[in-house]
Amino acid sequence: MPSAIFSLVVVPALCLIPILALAGPLLCRAVGALLGWYLRKKTDGRLSHILELSEQDEKKFREQQQARWSSDSSSGKDEEWEKVDTYTVGTSKNGDKGEEDWDGIVGFFHPFCNAGGGGERVLWAAIRATQQRWPKAKCIVYTGDHDVNKDAILSRVKNRFNIHLHPPTVNFLYLTTRHWVLASTWPRFTLAGQSFGSLIMAWDAFSLLVPDIFVDTMGYAFALGLSKFLFPEIPTAAYVHYPTISTDMLESLDPSSIVGTQGVNAGQGTGTRGKAKKLYWTLFAKIYSHVGASADVVMTNSTWTMGHIQKLWGPLRKSNRPIAVVYPPVAVSELEQKVEVSPESEKKREKVLLYIAQFRPEKNHQLILQAFAEFVKTSKSPAAKEAKLVLVGSVRDDQDSKRVYKLRLLVNELHIKDRVEFHLDASWPEILEWLRRASVGVNGMWNEHFGIGVVEYQAAGLMSVVHDSGGPKMDIVVDVDGGFTGEYNMARNRKRGTNDVMTGFHATTSSEFAEEFAKALSLENPLEVRLRARESAKRFTEEEFARRWVREMEGVVGLGSLKVTTEKRRV
């Protein structure tokens, strides 16, 4: 009897395993293709409408331009759209415009496009570079900012970032599901919840319009995975500001690890609850790696981010295009114009340590306050007697307000109340004034992914004292000859009797920060370091970002049969 059961049940079941293993992926691809076909058919009408609207807007724009030229013979800003700027031409030979006639649709997935932060500067600079490289391409932004229209958004872009876009080829599609990715929606299992929410939001986006190229500029890796599931033929690109989860985050849960004392989750991997959290994070990291690896082109904002994305996504990627570092654009030119760095301006500098950062936990204001207190109480440097710490940052909500209150209490406990100033929600003119007055710029965050604020310090001529980790260490506060500004180079320079390669200082503990504060405020010729730091900051200009962005996007535009996709859908 057992042998009969074995031959009638077990053997056929075992034979089905390879069939199911083969049929499973095929069935999955078939379902994805069917859903993708449905979304294409559903959005073809909106595609035609957008193309017609862009043509009408372009015609009106040209008529208005001609009218302005008729009344004023001098050419205006809009004349730039007649030709592609040379710095965005990328790999075209001899300065040719190359595939300038490509007129596909590039969908930018950026649900918080009107936020006005550094991530949004990347978005708008990327769209401007795309427009200038491919003037006929249509740029679609998927956003959840229902309270503003196209004109208001573009006006804010112009006023906030001084970025001028070509209105006829920019359109906005409004998502109704953005609340699914808010942290407040997921008080528990936030990482998994927000990632699931991004799938819902991406489906919402594709239900509005299926693009020819899908670009995620906010870090929603699961949206990239959904795009590949539904539309395998559509190229995808990702600009990663920071990994949703990193190997450092996982290691920080272990109190015995090298980074077990760093970050907001430091040492929380012990006990039953801690072990469960570590298991949850590990499983999430594996899924995150698979969906992120589906992207055809991956750009990261720093060497630190690239290293972590390479560890997570790299082994699973099918694309042979390497992960690239594309530094975010920083208003270096504007700061060079508005903040003087010269022998005359040096006389106006004060012994001020300036920390510009939002009042968030990871910015580690406590570390800087403790370091400053140690500096003014124990340092033998004459600068300690008149030094002042200025904290400038925005307050987003009640949690930030409570955090500022606790920081003020800490200032009182450390007995440095008369040496510390708080400036909340300071305007840009106020920030510029502090950048003119201060001598040193400070950054206390562990593993800051890039550090736009540190670049702004350098562009304004401040000497930087930053945490010895992340982007500030690996990309920004480096020696002018390319090495790290660390103890090795300090020792090497002392042997040579010079420090003519330094642009700033690194520290980790409060005592190390206190020591570096003393060094930075006691340099014999600080102007030399300021000028060197300002020159180093030119690596992060908007022009350099555009060059690198276009270089990577040319690889996307050139993929497969992309050039005829839009034309086929028009018919």
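All values derive from a computational prediction rather than experimental measurement. (Residues numbered from 1 in each chain as written. Predicted model: local features only at pLDDT ≥ 70, side-chain atom pairs only at ≥ 80, totals over all residues. Heavy atoms only, no water.)

Engineer: Describe the packing of aromatic side chains, naming the residues involved and giving the relevant values.
Structural biologist: In this structure the tally under the stated criterion is 25 aromatic pairs. Arranged with centres 5.0 Å apart and planes meeting at 55 degrees, the rings of Phe206 and Phe214 form a pair that is tilted. The structure contains a cluster of three or more aromatic residues connected by ring pairs, namely Phe109, Tyr142, Phe206, Phe214, Tyr220 and Phe231. Sitting over the face of the ring of Phe422, Arg408 holds its NZ or CZ atom 4.5 Å from the ring centroid. The positively charged end of Arg437 is found above the aromatic ring belonging to Trp434, 4.2 Å away from the centroid. (Phe/Tyr/Trp six-rings, centres within 6.5 Å; stacked < 30°, edge-to-face > 60°. Lys NZ or Arg CZ within 6 Å of the ring centre and 35° of its normal.)

Engineer: Just give me the short version of the nonpolar core, but keep the residues and values in it.
Structural biologist: Residues Leu369, Phe372, Phe375, Val420, Leu435 and Phe517 are the most contacted members of the largest nonpolar core, which totals 65 residues. If you tally residues by element for this core, the top one is helix 11 (residues 365-378), at 8 residues. Beyond its immediate sequence surroundings of up to four residues, Phe375 is in contact with Ala383, Ala384, Ala387, Ala514, Phe517, Ala518 and Leu521. Core analysis: the next-biggest nonpolar cluster, separate from the first, contains 47 residues, Ala221, Phe222, Tyr280 and Ala295 among them. (Core = buried A, V, L, I, M, F, W, Y, C linked by side-chain atoms within 4.5 Å. Buried < 20%, exposed > 50% of the residue type's maximum accessible area, 1.4 Å probe, protein only. Helix = DSSP H or I, 4+ residues; strand = E, 2+ residues; numbered from the N terminus. Contact = heavy atoms within 4.5 Å.)

Engineer: For the pattern of salt bridges, give the residues involved together with the corresponding values.
Structural biologist: Scanning the entire structure with this criterion turns up 23 salt bridges. We note a salt bridge from Arg62 to Glu58, for which the minimum N-O separation is 2.8 Å. One end of the pair, Arg62, and the other, Glu58, are both in helix 1 (residues 2-71), 4 residues apart, so they sit about a helical turn from each other. Of the charged contacts, one joins Glu535 and Lys538 as a salt bridge, the two residues approaching to 3.3 Å between their closest N and O atoms. In this structure Lys538 comes out as partly exposed when scored by relative accessible area, which is 40%. One continuous salt-bridge network, built from bridges that share partners, spans Arg121, Arg128 and Glu542. (Salt bridge = Lys/Arg side-chain N within 4 Å of Asp/Glu carboxyl O.)

Engineer: I'd like a description of helix 8 (residues 303-312), backed by residues and values.
Structural biologist: Turning to helix 8, its buried residues are Trp304, Thr305, His308, Ile309 and Leu312. The arc enclosing the buried residues of helix 8, seen along the axis, measures out at 125 degrees, which places them on a common side. In this structure, the buried residues of helix 8 make contact with strand 5 (236-240), helix 6 (247-252), helix 7 (271-292), strand 6 (297-300) and helix 15 (470-476). (Arc of directions from axis to C-beta.)

Engineer: So what about the side chain of Ser198? Which residues, and what values?
Structural biologist: Relative to the elements of secondary structure, Ser198 occurs in helix 4 (residues 190-208). Taking the relative accessible area as the measure of exposure, Ser198 reaches 1% and is therefore buried. A polar contact of 2.6 Å, which involves the side chain of Ser198, links it to the backbone oxygen of Ser195. Contact partners of Ser198, with chain neighbours within four places excluded, come to Phe109, Val181, Tyr220, Phe222 and Ala223. (Polar contact = N/O pair within 3.5 Å; in protein donor to acceptor, adjacent residues only side chain to side chain.)

Engineer: If you had to explain the sheet that holds strand 11 (residues 440-443) to someone new, which residues and values would you point to?
Structural biologist: If you trace the 6 strands from one edge of the open sheet to the other, you get 10-9-8-11-12-13, paired in parallel fashion. Pairing within the sheet leaves two strands with one partner each, and these edge strands are strand 10 (420-424) and strand 13 (504-507). Averaged over all neighbouring strand pairs, the angle between strand axes comes to 20 degrees, with direction disregarded. Direction of pairing for strand 9 (residues 388-393) relative to strand 10: parallel, over a ladder of 5 bridges. In the strand pairing of strand 10, Val392 is matched with His423. Helix-sheet contacts for helix 13 (residues 428-437) involve strand 8 (352-356), strand 9 and strand 10, and the interaxial angle to strand 8 is about 145 degrees. (Pairing = 2+ DSSP bridges. Axes fitted to C-alpha atoms, helices over the stretch in contact; angles between N-to-C directions.)

Engineer: Explain a nonpolar patch on the surface to me, using residue names and the numbers behind them.
Structural biologist: On the surface, a cluster of nonpolar side chains totalling about 370 Å² of accessible area is made up of Leu34, Trp37 and Tyr38. With respect to the helices and strands, the residue Tyr38 is situated in helix 1. Classification of Tyr38 as partly exposed rests on a relative accessible area of 42%. (Patch = residues over 30% accessible without salt bridge, like charges linked within 9 Å, V, L, I, M, F, W, Y side chains within 5 Å. Areas by Shrake-Rupley, 256 points an atom, 1.4 Å probe, with all protein chains shown as cover.)

Engineer: Explain the packing of helix 11 against helix 17 (residues 510-520) to me, using residue names and the numbers behind them.
Structural biologist: In contact at an axis separation of 8 Å, helix 11 and helix 17 are set at 60 degrees when each is read in the N-to-C sense. Taken as axis vectors, helix 11 and helix 17 run oblique relative to one another. Remark: the crossing between helix 11 and helix 17 carries right-handed chirality. Seen from helix 11, the contacting residues are Leu367, Ile368, Gln370, Ala371, Phe372, Glu374 and Phe375; seen from helix 17, they are Ser510, Ser511, Phe513, Ala514, Phe517 and Ala518. A per-class count over the contact of helix 11 with helix 17 returns 9 nonpolar, 3 polar and 1 charged. (Parallel < 35°, antiparallel > 145°, perpendicular 65-115°, else oblique. Left-handed = near helix turned anticlockwise from the far one by under 90°. Nonpolar A, V, L, I, M, F, W, Y, C, P; charged D, E, K, R; others polar.)

Engineer: Account for unusual backbone geometry, with residues named and values stated.
Structural biologist: Although it is not a glycine, Phe189 sits at a positive phi angle of roughly 50 degrees. Considering the arrangement of structural elements, one finds Phe189 in the loop between strand 3 (170-174) and helix 4. Classification of Phe189 by relative accessible area gives exposed; the value is 57%. Phi is positive for Asn447, which is not a glycine, with a value near 55 degrees. Assessed through its relative accessible area of 8%, Asn447 is described here as buried.

Engineer: Give a description of the side chain of Arg419 that names residues and reports values.
Structural biologist: Structurally, Arg419 is set in the loop between helix 12 (398-413) and strand 10. Among the polar contacts made by the side chain of Arg419, one reaches the main-chain carbonyl oxygen of Lys385 at a distance of 3.4 Å. Not counting residues within four places of it along the chain, the set of residues in contact with Arg419 comprises Phe372, Val376, Ala384, Lys385, Glu386, Ala387, Lys388 and Leu389.

Engineer: Please provide a residue-by-residue account of the pairing of strand 4 (residues 213-216), values included.
Structural biologist: The two faces of strand 4 match: Ile213 and Val215 on one face and Phe214 and Asp216 on the other face are all buried. Pairing analysis gives 3 bridges linking strand 4 to strand 5, with the strands arranged parallel. When the sheet's bridge partners are listed, Val215 is paired in strand 5 with Ala237.

Engineer: Describe the pairing of strand 8, and please don't skip the residues or the numbers.
Structural biologist: Most of strand 8 sits inside the fold, with 4 of its 5 residues counted as buried. When strand 8 meets strand 9, the two strands line up parallel, connected through 5 bridges. Bridged to Leu353 within strand 9 is Leu389. This β-α-β element, strand 8 to helix 11 to strand 9, shows right-handed connectivity. In this structure, strand 8 lies alongside strand 11, joined through 2 bridges in parallel fashion. Residue pairing in the sheet places Leu354 in a bridge with Gly441 of strand 11. (Right-handed = clockwise from strand over helix to strand, strands pointing away.)

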